[in-house]
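# Examining the three-dimensional arrangement
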There are 2 protein chains.
Amino acid sequence: MPEMIVGKSATKYDAFAKVIGEAQYIQDLTQPRMLWGKILRSSLPHARILNIDTSKAEKLLGVKAVLTAKDLPGRRIGFGNDNEVLKRNKVRCVGDEIAAVAAVDEATAIEAMSLIKVEFEPLTAVFDPELAMAENCNVLVHESRGSNLSLEYHFETDEAALAASLDQAAVVLEDRFTLPFVTSSAMATHGCMALYRNGELTIWTPTQVPFLYQHELMMATGIPGNRIRVIQPTIGGGFGAKLDMYPYEAACVHLSMVTGLPVKIVFTREEEFQASRPRQPMIIDLVTAADRDGHLLARKAKVICDNGAYNSWGSTTPFVGMQTISSLYRVPNVRYDAQIVYTNNPYSGAMRGYGNPQHTFAVESHMDMLAAKLGMDPLTVRLINANQSGDVTPQKMKITSCAFSETLREAGKELGSLPSEPGKLRGKGIAGLLHVGGGARVYRSDGCGAVVKLDDMGRAVLLTGATDMGQGSDTILTQIVAEVLGLEIKDVKVINNDTNLTPWDVGSHASRTTFIAGNAAKIAAEKVRSQLITAAAQILNANPDQLLLRNKRIMVEDAPERFVDIGKIVRSLHFKQDGKLLVGEAFYDPPTEMQDNQFLGNVSAAYAFGAHGVEVEVDRATGVVKVLKVAAAHDVGKAINPLAIQGQIEGGCAMGLGYALSEEMKLREGRVINANFLDYRLLTAVDIPEIEGIIVESDEQEGPFGAKGIGEACCIPTGAAVANAVYAATGVRIKELPITPAKVLEGLNKMRSTFDT
Amino acid sequence: MPEMIVGKSATKYDAFAKVIGEAQYIQDLTQPRMLWGKILRSSLPHARILNIDTSKAEKLLGVKAVLTAKDLPGRRIGFGNDNEVLKRNKVRCVGDEIAAVAAVDEATAIEAMSLIKVEFEPLTAVFDPELAMAENCNVLVHESRGSNLSLEYHFETDEAALAASLDQAAVVLEDRFTLPFVTSSAMATHGCMALYRNGELTIWTPTQVPFLYQHELMMATGIPGNRIRVIQPTIGGGFGAKLDMYPYEAACVHLSMVTGLPVKIVFTREEEFQASRPRQPMIIDLVTAADRDGHLLARKAKVICDNGAYNSWGSTTPFVGMQTISSLYRVPNVRYDAQIVYTNNPYSGAMRGYGNPQHTFAVESHMDMLAAKLGMDPLTVRLINANQSGDVTPQKMKITSCAFSETLREAGKELGSLPSEPGKLRGKGIAGLLHVGGGARVYRSDGCGAVVKLDDMGRAVLLTGATDMGQGSDTILTQIVAEVLGLEIKDVKVINNDTNLTPWDVGSHASRTTFIAGNAAKIAAEKVRSQLITAAAQILNANPDQLLLRNKRIMVEDAPERFVDIGKIVRSLHFKQDGKLLVGEAFYDPPTEMQDNQFLGNVSAAYAFGAHGVEVEVDRATGVVKVLKVAAAHDVGKAINPLAIQGQIEGGCAMGLGYALSEEMKLREGRVINANFLDYRLLTAVDIPEIEGIIVESDEQEGPFGAKGIGEACCIPTGAAVANAVYAATGVRIKELPITPAKVLEGLNKMRSTFDT
């Protein structure tokens, strides 16, 4: 039976509310007698705090509370608990939280901050992770740890086999790839509103992971978890930056606790640049070895990751990058080493792709360089190594559905047809990707709960733990429930913004929501459906297997004139003695495993594949790279909402192009010097080329209606594809993003001088 | 096993929020760009509308919409569909809705109303239901009906047996009892806020019956029910007056539909008096027959009820009053006839007791008069006729738990011990009651749905359809869930204010919430509990039957040192591969039946009994009745929250005493002339005597933990008890409420003149 709603483009569930301005972001929320909170942040990257004098600030009319570390219980937060809510003895990066102020209005809070006097003893700082790891480095970001190494990740297949394969290889490439700080630039800055009253905390915050957040806030404040209610306002973009609980949020709770009033803190755009979590810069030394025919024999990567001053969830991104090194294309011998290094830079975190854009840039640049070295076509060398359904990768990841080859073929197909104009050089490049597409068991549970209620008016309500931070998952979930129950999309409502109401979910990350929450919603709806069908079979005197749910009716499949209205069935079950309601409940936890301490295990129930093809035109004189077109082919399993996938692809490509060409958070002594949208060169509408989304369906058996995750995938390979296209156009190989005109010109000039000599 | 939480007094769930002013009533709600709506009401009780000129109002700056009947689809609303949202051709009572205005602020809306010109042709009106039913009455409130009789109710047992019993009776009393208009005087006036947008309606309204309301609003506006979401703000008292959907609510929806903006209408206190639903005045002609020993032989009642201009739910109150006539005390032969009569008075509705305070006043006055006639003690004549467990009444109501006799004994026990002072006359009186206490199947379903979620933080959330309008049901429900799951009350949250979220419930009426919603919550919680116990039995290696849930632990009953934390069990079930959440769902619909067209059937799963004893002191010179004490004994089955029952009793008695002594909505030509709290003599704190609540438990097998309903019961017999006490003190029998000093004086004077002659 063909689906009626799943597979057809649907307008976003929240589009209308957002377009007319009805959606309420944290910026819009208020409470009676609400105070404004502000955080006094360090202006120095590394300094001892000798004294903090808050007396003048406290005396300012309208100031209700001034808190410093001494007023707090001294709990540490963050991944690895290396971060204080307010810093007691020293600051480790520009932006570090020193004091928190609550006042009757924002202006008073700002004035109060200016009245706080902090006496610092500046310390030597380290901003380069390689210097931070050098033996002679005498700067320790965290003295007690004795080193600036925060975390290490190591994976390898058989050591001897790896060495042998390198010896036997026809080609061994060894290159360093360098990736910059970029930030997700969500349109809505961070902010939260806390109300602690009568022993209960309510916090409104745009977290992506409300249930993990509830737990983190319990650890950060000491308030029992069952006294914490997390309510999510409309989230104006997350992209991973809203995965961690931030120090300011715990500070905001303490401000409410001491004042007894609601307190709201909202980031300025400058704070958003300096104090939200950017994507981590990485230095990747990659070795790729292949035989004469282009078959990959081995890969070795040594990665240094600039962690900044503290850990965050993002300190675990090598977990994902490692999968790209070990499992993007078939490669039998692998070694991976990553070091997460403390510096006095802003601390990095999760951002769409979670380490994968960096690693894929290295791997896919090398695939092109390998093709060049062997004189092969870049597509061919990829196709002969492409993962296939049924593969088990060196990390024991089990590839189920896989249309990688098809996406590679599709992505490059229509590019490169036009000739170059004088003074311009054209070229096309492609790059592939692998990413988790069926959840990622990085927590003990990767599940999501759902409750579906179908009422006697014919309205279905889905209570789900899943968070929509703009990616469109609410729309997908309404489609799934409507499809299962034979309703219109408009008949389905989603409730998912309040931990008191909704069943647990690990949160929106790892492109898991369509897959995991989709399955949960589907199973819950099917429980309702089976009750409907049993009742309808009796009414219609038909075999339950012959019944179809369509257009709010249940009908006999090959005799559609025999039907009964769904609302009527609900009412017939409900409005009688000993009646019943139609409620279905489900918890879907995918059939996956946590990786062991060797990083072995099938972490996701499905994997997403895809490829981007890019055509560029490079100006010989200026080095300016203009992207003419992106053809982005993605294996999504099944497109539940093609329009939403197109949106994800366009957004992902725009983010990937910015990463490739222009975005970089520039630091001087740990301070972001382009902390505004004029200087931080986010691409704008005029910079975006035609983006062709190509949806490839592979029917993932474990996915809801065959679907897999797509959210992160579509920003991952763009950087490499652009670099490969620039190489194809110019012969210049750029190994460091962004690909600025200066770098291209330098490359062109070098080539000229090579010819000259 | 004794209960730990059920049976112990608990602070009201919403007390803190209400005390600090956090609770949001309809008066507090707002929305961006919200308009203020006002209703232009008729100043005449009966008139033809010749013309409405809204042109000036429409031109007023700030006015966004002016609607009259011609702008509306012309749907009729109310019980029997006899009411228009805005009146087209004629008005039938003062307060009838003629036009609706929406403006940017309240002052502008008021000014706009003053600019609307309505041309009336006044019609003769009828204000007396007996005149309205007279053959020569030439006023028809609803011409098309051909008569002013709206509804009739008739019940009788065997006609011949009834006639014979009257013939054989030793005593036959025949009296007329007259009951006035009173109104519930909820502290929060009516109001609603409507937002129709993108084909979906959200309405915030303090309805007691959100799901019936959703249906009524669908019928009233034509918006499909599955596009209507009803959200209940904190309800500042319902008492039955918030059972009906009002015309202004549908008008408010239309204002939002035409303006595209949120619109709020809130009643003034004057509107609350004139245009909310008061308790219906009744004229009850009662015949009571008994044998020489005081055994009741027969009862006959003929009731005329002033319906006012339109029907409402309250037009069905004889349904309840009939039960009092047929089933309060054992009486074998019964006849009941009631007429619901249209007049041009304000139209009456549901109010606490739903016809029962009126009927009980008549029956219990007669019981006293019977005792006097036979020279028996008023308690004795009641005890020999009192209902007993196992009885089936003439209407086939099955009496299960019944401690009626005990409440009768308890209520009078300690009264009447003090001697009268000079010039004062003291006396005590008692009166009993019967009311539904286990729901009332007046709708096809009398059920309530519940979903209980127990999360890994140890917080339980109950989603219930049940409405707390101030009666304290949320507290009861938290106690029940906490008791079943071994949690603290504070660990349980109740969500019940949004039809999108909550499972269906017929609504808060008929004192059904503790019983029905309590059972639903209990069953849902027990489903969670059984999963906990299964897991705990494995962990503790114990027999499931030996396990106790207490203080957030599950322990072995006779070895409490063997225990496991409940939170730990939840986490152990959840945080693993193939984990599960703890969610339980239930729909409880009591084992009752709708009465047939002969009014036979067991409409409630349990019946509440009780008795009030009152001691009064009457001033011989002024006729002023001072109540010295009320002893109110109630058979509640089981007191889940004794403090809440005490609160219900105090509130009920205060309402009952007001009904007895001072409250009366005074009408002149259909206009309420005491439409304010200065003139409408609600009793105040200084008027309220000591009220002793006496809780009698009878362990109702079908009730949650043995409980039965109590909400309405405690205001029902007070009026009769006061009248009986006044008689005991003075010998004056007052058959018309309220018992004003003038009536008492008149009685005293009559007695003196009787002595004089």
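Per chain, residue numbering runs from 1 following the sequence as it is written. Just so you know, chain letters begin at A and ligand numbers begin at 1, following the order they were written in. Predicted model: local features are reported for residues with pLDDT of at least 70 only, side-chain atom pairs are reported and counted for 80 or more only, and whole-chain, interface and lining totals are derived from all residues.

## Here we look at the overall build of chain A
- Only DSSP runs of H or I covering at least 4 residues are called helices, and only runs of E covering at least 2 are called strands; the numbering of each starts at the N terminus. Regarding its fold elements, chain A presents 18 helices and 30 strands.
- The size measure is the radius of gyration over C-alpha atoms, and the globule rule it meets is 2.2 Å times the number of residues to the 0.38 power. For 757 residues, the compact-globule estimate of 2.2 N^0.38 gives 27 Å, and chain A sits close to it at 27 Å.
- Here the C-alpha coordinates of chain A stretch approximately 90 × 75 × 50 Å along the principal axes.
- We call two residues in contact when the distance between their C-beta atoms, placed using the backbone, is within 7 Å. The long-range share in chain A, meaning contacts at least 24 apart out of those at least 6 apart in sequence, stands at 80%.

## Re the packing of helix 10 (residues 356-374) of chain A against helix 17 (residues 718-730) of chain A
All names here are of chain A.
- Orientation is described by axes fitted as lines to C-alpha atoms, over the contacting stretch for helices, and by angles from 0 to 180 degrees between their N-to-C directions. Two elements in contact, helix 10 and helix 17, have axes whose closest approach is 8 Å; the angle formed by their N-to-C orientations is 30 degrees. One finds that helix 10 runs roughly parallel with respect to helix 17. The hand of the helix 10/helix 17 crossing is right-handed. Here Pro357, Thr360, Phe361, Glu364, Ser365 and Asp368 of helix 10 come into contact with helix 17, specifically with Gly719, Ala720, Ala723, Asn724 and Tyr727.
- In the scheme used here, Gly and all other residues not listed as nonpolar or charged are polar, with Ala, Val, Leu, Ile, Met, Phe, Trp, Tyr, Cys and Pro taken as nonpolar and Asp, Glu, Lys and Arg as charged. A class-by-class count of the residues in the contact of helix 10 with helix 17 yields 5 nonpolar, 4 polar and 2 charged. Note on terminology: angles under 35 degrees are roughly parallel, angles over 145 are roughly antiparallel, angles of 65 to 115 are roughly perpendicular, and the others are oblique. Note on convention: near helix rotated counterclockwise from far helix by under a right angle means a left-handed crossing. Clockwise means right-handed.

## Focus on the interface of chain A and chain B
- Chain A puts 37 residues into the contact, and the matching count from chain B is 37 residues.
- Broken down by secondary-structure element, the contributors of at least two residues to the side of chain A that touches chain B are strand 19 (448-454), strand 21 (492-495) and strand 25 (582-588) of chain A.

## Details of the domain arrangement of chain A
All names here are of chain A.
- Taken as a whole, chain A is organised into domain 1 (15-21 + 447-588), domain 2 (31-123 + 187-237 + 242-275), domain 3 (124-178 + 278-386) and domain 4 (395-435 + 604-757).
- Note that domain bounds follow an automatic or database assignment of domains. Averaged C-alpha coordinates put domain 2 and domain 3 at centres separated by 35 Å.
- For the side of domain 2 that touches domain 3, the class distribution of residues is 6 nonpolar, 6 polar and 3 charged.

## Comments concerning the relation of the copies chain A and chain B
- Superposing chain A onto chain B takes a rotation of 180 degrees combined with a translation of 0.0 Å along the rotation axis, leaving an RMSD of 0.0 Å. The transformation just described matches what one would write down for a two-fold rotation axis.
- Interface overlap between copies: 100% of the residues of chain A at the interface are likewise at the interface in chain B, consistent with a symmetric, same-surface contact. In this comparison the copies share one frame, found by least squares on the C-alpha atoms of residues holding pLDDT of at least 70 in both.

## Re the pairing of strand 24 (residues 559-565) of chain B
All names here are of chain B.
- Judged from the 4 bridges that link them, strand 23 (residues 553-556) and strand 24 form a sheet pairing that is antiparallel. Bridge pairing in strand 24 places Val556 opposite Ala559.
- A loop of 2 residues connects strand 23 with strand 24, the two strands running antiparallel in sequence. The criterion for strand pairing is that DSSP finds at least two bridges linking the strands in question.

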